[in-house]
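The lines below spell out each chain.
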Amino acid sequence: MEFLNFIEERFPYPSIREQQKRMMLKIYFSILNNRNLIIEAPTGVGKTLGYLIPSIYFAERGKRVAILTETIDQQLRIYEELNSLKHNLKVSFFMGKGNYFCKAKGSKANRIYCQLNRKCKFRPNKKKICSICNSPKKEINLGDKTVYLCPLCCCDYQLSKINSIFADIVVMNNHIFFYAKEELESLKKFDVIIVDEAHKLEDSIRRAYSIEINPNKVINRLKYMAYYYAPTAFKRRLDLEDEKFWEMIERYLNNIGLDYTLKRDLDNFNKNYILGIIFNCYTQILEIKNKILELNENEELPPINFYFDCKEIIDIELDFIEKKNLDPVLAEFIENLDYLKFANINFVRYRSKESLICEPIFVNSALKELYGDSVVIHCSATIGNLKMHAIKTGMENSDFLVLDSPFPKDRKMIIGLEDGVNMKYELKNRDEANKNLIKIIEAINGNILVLFRSFEDLDNFYKYLKKEINNLNIENKNIHVYEQSMDGKEAKELKDRFIREGGILLATGRFAEGVDIPGEALIGVIIDSLPFPIPTPLIIKEQKILEEKYGQWKAFLMTSFDRMARTLIQMIGRLIRTENDYGVVVIQDKRFSEWVGRTLKKEGYLKDNYKILSLDESIREIKNFLNKFRVKG
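Residues numbered from 1 in each chain as written. Predicted model: local features only at pLDDT ≥ 70, side-chain atom pairs only at ≥ 80, totals over all residues. Heavy atoms only, no water.

Q: Can you explain the pairing of strand 2 (residues 65-69)? Please cite residues and give values.
A: Counting buried positions along strand 2 yields five of five residues, so the element is predominantly enclosed. Of the two faces of strand 2, the one carrying Val65, Ile67 and Thr69 and the one carrying Ala66 and Leu68 are both buried. In terms of strand pairing, strand 2 meets strand 9 (residues 192-195) through four bridges, oriented parallel. The partner of Ile67 across the bridge, within strand 9, is Ile194. (Buried < 20%, exposed > 50% of the residue type's maximum accessible area, 1.4 Å probe, protein only. Helix = DSSP H or I, 4+ residues; strand = E, 2+ residues; numbered from the N terminus. Pairing = 2+ DSSP bridges.)

Here's what the structure looks like:
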């Protein structure tokens, strides 16, 4: 068979895992037979090579491939591994605009600024000579149009996009595929779409479609613009921190007799007219804010639209952000107001704090439209229930492949506490749960990741742990804490510090997503509470609609339970990352021992076996189990 010979020729390592080979062959036949495919390939299978080898094979034979994932780190790993393999293909790496440097703005690029700055001299255009360096430009034929670009001066984003239009294989994230698919397919459509980290796809596309109307953010921008454009004499009397800031502006405009509601040619505006437009915009945004605050919080709302008529503010903001090197806020707000008008019955609307949120209930139809007639392959280490994933991501007519972990199963033990605390919000006993966690930490006596459902629970235990830490019978008493305000870079620094220093790391399920801590740097994962989501209007609406088709229990499984299960499997999956890893997972939440564990197994989320033990039994089992593997001396 030709493809088997191709694998042997291109595979970069001396041996190939049986699971990896099965994955490659399944992808090969799926593409050959024009069949969609969903693959669950646990950590250690080598799923990246498992889909890259078939991708290269078909790309070399004329098919065009898109490889999608969620995170930049994973994109880079895929791109680098792809380029390390033998091929003569055109391969591109394409990110969202915010990851590029904007030469016009002098800072990171922004989607809306790029749309507003139509005369940007750094983008490809019809001019054959570069206006910046006076060099002849390169001619680019894009199907029905021809443009010219200067390789030295062209915007990094536009250059990357054009490279992607001509590429045989494009590596990008879900968001950029959503926004740029039409342009990327201007010369040739994608024949194959491979989605890595596919368990994140539904939420990723939902975020892309979601609308947030946040008046406070806009009012804050307007305040700084008002101060910036105010006439010098008047500006001396203004204080950005003064609660009567806007009253002073209104009084000033009334005193000079300015009718700031009239529309005028922006080129002829003086500072007073600009200040008047800003104040007019403020009064309209304030009215929107007050209407939002009149709504009940976290309740589904009927279709709602807001009046806004001050489009001149966009040009003023464009001038402001170019001088201050900022991103557009008002333009994005106005765009969201326009989007809100077209949100159909598939959207749910509700107030969250001082914002109006509008989210799509289902994204499977949108995903089907994105897929087109391409062969689509979903891959992930933790998809869970493949049939449910297929329904929710527009992949109903798909083949399935579930691969076993290549790691020995006897190096991991999962325990559900029989006498744990039921951590359902209205029932939980935080003090008793804290005492359970302390006893488990002492039993493991190694490097431990303790995962919480919320920062509220994390903070509560952290305060308790600080008081008890000196009394604990453990070797390493370092405490590391994941904080709500941490961005991706800070979270990575926290993880690296934990690997270096060891001890106890307290975090939430969000932190656990994709974290690799190999070897004895992590031998224990304690899950304080099952990560059931808060029943937001989105989840309630989704479940209500599904109940009509599938019944109450199935609807619950497809909504709240599915979200909880995917997060929980990610939490459990932090423990074993290489074939030499070992350790224990302890789930303190009593609901796991009562019914959740059985349901996870039955519905196909949890592939590992587990034990239901009392706290005292667990302590004995943990010590005996870990002593079999600990590195002595």
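Q: Provide a residue-level description of helix 24 (residues 615-627), including the pertinent values.
A: A rise of 1.5 Å per residue sets the reference length of helix 24, with its 13 residues, at 18 Å; its end C-alpha atoms lie 18 Å apart and thus fit the reference within 8%. Within the sequence span of helix 24, burial applies to Leu615, Ser618, Ile619, Ile622, Phe625 and Leu626. Along helix 24, the residues classed as buried sweep out an arc of 140° about the axis, all on the same side. Turned more than 90 degrees from where helix 24 packs its buried face, Asp616 and Asn624 sit exposed. (Expected span 1.5 Å × (residues − 1). Arc of directions from axis to C-beta.)

Q: Can you break down the pattern of salt bridges residue by residue, with the values?
A: One pass over the structure, following the stated rule, counts 35 salt bridges. One salt bridge connects Asp338 with Lys341, and the closest N-O pair in it is separated by 3.7 Å. Remark: Lys341 and Asp338 occur in helix 14 (residues 330-341); sequence separation between them is three residues, near one turn of the helix. Glu621 serves as the salt-bridge partner of Lys611, at 3.1 Å between the closest nitrogen and oxygen. (Salt bridge = Lys/Arg side-chain N within 4 Å of Asp/Glu carboxyl O.)

Q: Outline the sheet that holds strand 10 (residues 211-213), listing residues and values.
A: Spatial strand order, 10-12-11: three strands in an open sheet with antiparallel pairing. This sheet does not close on itself; its edge strands, each paired only once, are strand 10 and strand 11 (347-352). Between one strand axis and the next, the sheet turns by 15° as a mean value, whatever way the strands run. On top of the sheet, helix 14 reaches strand 10 and strand 12 (355-360); it is set at about 120° to strand 10, its chief contact. Seen against the sheet, helix 21 (residues 537-550) touches strand 11 and strand 12 and runs at an angle of roughly 150° to strand 11. (Axes fitted to C-alpha atoms, helices over the stretch in contact; angles between N-to-C directions. Contact = heavy atoms within 4.5 Å.)

Q: How would you explain the packing of aromatic side chains if you had to name every residue and give the values?
A: A full pass over the atoms with the stated rule returns 38 aromatic pairs. When the centroid spacing of 6.2 Å and the interplanar angle of 55° are considered together, the rings of Phe556 and Phe561 count as tilted. Ring centres of Phe561 and Tyr605 lie 5.9 Å apart, and the angle between their planes is 65°; this geometry places the pair in the edge-to-face category. Taken as a pair, Phe561 in helix 22 (residues 552-572) and Tyr605 in the loop between helix 23 (590-602) and strand 21 (611-613) lie far apart in primary sequence, 44 residues in all. Take Phe561 and Tyr605: they sit in the same class, and that class is buried. Residue placement shows Arg61 over the ring face of Tyr57; its charged tip is 3.7 Å from the ring centre. Positioned above the aromatic ring of Phe245 is the side chain of Lys223, whose terminal nitrogen or guanidinium carbon lies 5.6 Å from the ring centre. (Phe/Tyr/Trp six-rings, centres within 6.5 Å; stacked < 30°, edge-to-face > 60°. Lys NZ or Arg CZ within 6 Å of the ring centre and 35° of its normal.)

Q: Can you explain a negative patch on the surface? Please cite residues and give values.
A: A cluster of acidic side chains, namely Glu456, Asp459, Glu483, Asp487, Glu490 and Glu493, defines a negative patch on the protein surface. Looking at where Asp487 falls in the secondary structure, it is placed in the loop between strand 17 (479-481) and helix 19 (488-501). (Patch = residues over 30% accessible without salt bridge, like charges linked within 9 Å, V, L, I, M, F, W, Y side chains within 5 Å. Areas by Shrake-Rupley, 256 points an atom, 1.4 Å probe, with all protein chains shown as cover. Lys, Arg positive; Asp, Glu negative; His and termini not counted. Charge placed at Lys NZ, Arg CZ, Asp CG, Glu CD.)

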